[in-house]
Amino acid sequence: MRTPIIAGNWKMYKTVAEGRELVRGLLAGLGAIADREVVVCPPYTALYPLGELLAGTPISLGAQELFYEAQGAFTGAIAPQMLRDVGCAYVIIGHSERRQFFGDTDTTVNRKLFAALASDLRPIMCVGESKPQRDSGQAEVIVTAQVRAGLAGVSVAQIANLVLAYEPIWAIGTGDTATAADAQAMHAAIRATLTELYGDATAQTVRIQYGGSVKPDNVDELMSQPDIDGALVGGAALKADSFLRIIHFQ
Ligand code: 13P
């Protein structure tokens, strides 16, 4: 019903040469993946050469960020059409590291989302709570509020092109993954919010990835949960063997 989607977020890692080596390794070990979708999100500097390498392969290219304006005097920023130009199909929006270090808010996330959709880029919109928010019992309220604010004004037709990613901040890069049951509970809460906003039939079609210390040894259990439809992988996506094992989850 929902095609699982495994995406690698390379963050600020990999030169062009290193990226080529990783992509070649992935392509060599990929095999037939008709029942799942795979995306890699390299840093901006590697998008163009890796887009050339990935053209015509089963792996899609994604970017880690965009700016919402189409063009103009915005030093250092990259526009949606520029990402299309180098072969991107996806773009991560609202990652907690962008929210923490680069000033993203629910409002800018929402603007970026519309800019991506207007350029035929599929957004992977990230949400997630901090450790203090979880410890104080606020996780579900915070996360579902981020979903509502990020999706403000997004239509039923548009939501079909969107992927959500639940990434608890305390689980990112820490090795401290959410239990499969806790992740499932949050994914169910996110889907309930989608049902309120778009109706049950549409909510059932939207893919929700889990991210935060996804590894070869926990991916199978996470992916066996009914509302976990994919993984957004950081550290374990930087090596071909570990990312291939995650792609080939059972
Ligand atoms: P890690 O897999 O390294 O925890 O990173 C998760 C993440 O932030 C993916 O976007």
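Along each chain, residue indices are assigned from 1 in the same order as the chain's sequence is written. Residue-level local features of this predicted model are given only where pLDDT is at least 70; pairs of side-chain atoms are given and counted only at 80 or more, and the full residue set underlies all totals for whole chains, interfaces and linings. Values reported for side chains reflect all heavy atoms of the structure, with hydrogen atoms and water molecules removed beforehand.

A. How the structure looks around the packing of aromatic side chains. A pair of Phe, Tyr and Trp rings is counted when the ring centres sit within 6.5 Å of each other, with Trp represented by its six-membered ring. The angle between the planes then sorts it: under 30 degrees is stacked, over 60 is edge-to-face, the rest tilted. Taken as a whole and judged by the stated rule, the model has three aromatic pairs. Each member of the aromatic cluster is reached from another via a ring pair, and the members are Phe 67, Tyr 68 and Phe 74. Seen from the ring of Phe 249, Arg 36 lies directly overhead, with NZ or CZ sitting 4.1 Å from the centre. Cation placement over rings: the criterion is NZ of Lys or CZ of Arg within 6 Å of the ring centroid and within 35° of the ring normal. Lying over the aromatic face of Phe 102, Arg 98 brings its terminal NZ or CZ to 3.8 Å of the ring centre.

B. Spotlight on the pattern of salt bridges. The salt bridge definition used is simple: a Lys or Arg side-chain nitrogen within 4 Å of an Asp or Glu carboxyl oxygen. Following the criterion strictly, the structure yields 15 salt bridges and no others. The salt bridge partner of Lys 112 is Asp 104, with a shortest N-O separation of 2.9 Å. With a relative accessible area of 7%, Asp 104 lands in the buried category. Where salt bridges share partners, they join Arg 2, Arg 191, Asp 227 and Asp 229 into one cluster. Remark: exposure states derive from per-residue accessible area (1.4 Å probe, protein chains only) relative to the maximum for the residue type, with buried under 20%, exposed over 50%, and partly exposed in between.

C. Structural view of the pairing of strand S6 (residues 163-166). Secondary structure elements are taken from DSSP: a helix is a run of H or I of four residues or more, a strand is a run of E of two residues or more, and numbering for both begins at the N terminus. Both faces of S6 are covered, namely the face carrying Val 163 and Ala 165 and the face carrying Leu 164 and Tyr 166. Note on pairing: two strands pair once DSSP finds at least 2 bridges between them. Bridge count for strand S5 (residues 122-127) against S6 is four bridges, and the pairing is parallel. Bridge pairing in S6 links Ile 124 to Val 163. Direction of pairing for S6 relative to strand S7 (residues 207-211): parallel, over a ladder of four bridges. Residue Tyr 166 lies in a different strand from S7, and its bridge partner there is Tyr 210.

D. Representation of the nonpolar core. Remark: nonpolar core denotes a set of buried residues (Ala, Val, Leu, Ile, Met, Phe, Trp, Tyr, Cys) joined through side-chain atoms within 4.5 Å. Formed by 66 residues in total, the largest nonpolar core has its most connected members in Leu 151, Leu 164, Ile 190, Leu 194, Tyr 210 and Phe 243. A total of six residues in this core trace back to one element, the largest contributor, which is helix H9 (residues 180-198). If we ignore the near neighbours within four places in the chain, the residues touching Leu 151 are Asn 110, Met 125, Ile 159, Leu 162, Leu 194, Leu 197 and Tyr 198. Judged by nonpolar contacts, the second largest core, of 11 residues, contains Tyr 90, Ile 92, Ile 124 and Cys 126. Contact between two residues is taken to exist if any of their heavy atoms lie within 4.5 Å; hydrogens are not considered.

E. Quick look at the layout of surface pockets. Here a cavity denotes a set of grid points, spaced 1 Å apart and computed over the protein atoms alone, in which a 1.4 Å probe fits but from which it cannot get out, and a pocket denotes an open set meeting protein on both sides within 12 Å along at least five of seven lines; residues with an atom within 4 Å of a point are reported as lining. Grid points are joined across faces, edges and corners, and a volume is the space filled by probe spheres set on the points. Each pocket or cavity is described by its volume, and for the largest pocket that value is around 410 Å³. Lining the largest pocket are 14 residues, with Lys 11, Met 12, Gln 64, Arg 98 and Phe 102 positioned closest to its centre. At the level of elements, helix H2 (44-54) and helix H4 (96-101) are the ones that each hand at least two residues to the lining of the largest pocket. Looking at the second largest pocket, its volume works out to about 300 Å³.

F. The arrangement of the site of the ligand in detail. Near, as used in this document, describes a residue that has one of its heavy atoms within 4 Å of the molecule or strand being considered. The immediate surroundings of the ligand are formed by 13 residues, with Lys 11, His 95, Gly 173, Ser 213 and Gly 235 found nearest. Within the side chain of Glu 167, an N or O atom sits 2.9 Å from an oxygen atom of the ligand. Here an oxygen atom of the ligand and a backbone polar atom of Ser 213 are 2.8 Å apart. Under the scheme applied here, ten amino acids are nonpolar (Ala, Val, Leu, Ile, Met, Phe, Trp, Tyr, Cys and Pro), four are charged (Asp, Glu, Lys and Arg), and all others, including Gly, are polar. A class-by-class count of the residues in the shell around the ligand yields four nonpolar, seven polar and two charged. By the criterion applied in these results, polar contacts are pairs of N or O atoms within 3.5 Å in which, for protein atoms, one can donate a hydrogen and the other can accept it, and in which residues neighboring in sequence qualify only through two side-chain atoms.

G. Molecular detail of the pairing of S7. Summarising burial for S7: five of the five residues are buried, a large majority. Residues Arg 207, Gln 209 and Gly 211 point to one face of S7 and Ile 208 and Tyr 210 to the other, with burial holding for every one of them. Alignment of S7 against strand S8 (residues 230-233), held across three bridges, turns out to be parallel. In the sheet register, Tyr 210 faces S8, and the bridge partner there is Ala 231.

H. Main features of the packing of helix H5 (residues 106-118) against helix H7 (residues 139-150). Direction vectors running N to C along H5 and H7 enclose 45°, while the axes themselves pass 8 Å from each other. Between H5 and H7, the crossing angle belongs to the class labelled oblique. Here H5 and H7 pass one another in a crossing that is right-handed. In this structure, H5 uses Asp 106, Val 109, Asn 110 and Leu 113 to contact H7, whose residues at the interface are Gln 146, Ala 149 and Gly 150. Of the residues assigned to the contact of H5 with H7, the class counts are three nonpolar, three polar and one charged. Between the N-to-C directions of two axes lies an angle of 0 to 180 degrees, each axis being a line fitted to C-alpha atoms and, for a helix, fitted only over the stretch in contact. What sets the label is the angle itself: under 35 degrees gives roughly parallel, over 145 gives roughly antiparallel, 65 to 115 gives roughly perpendicular, and the rest give oblique. Handedness of a crossing follows from how the near helix is turned relative to the far one, being left-handed for an anticlockwise turn of less than a right angle and right-handed for a clockwise one.

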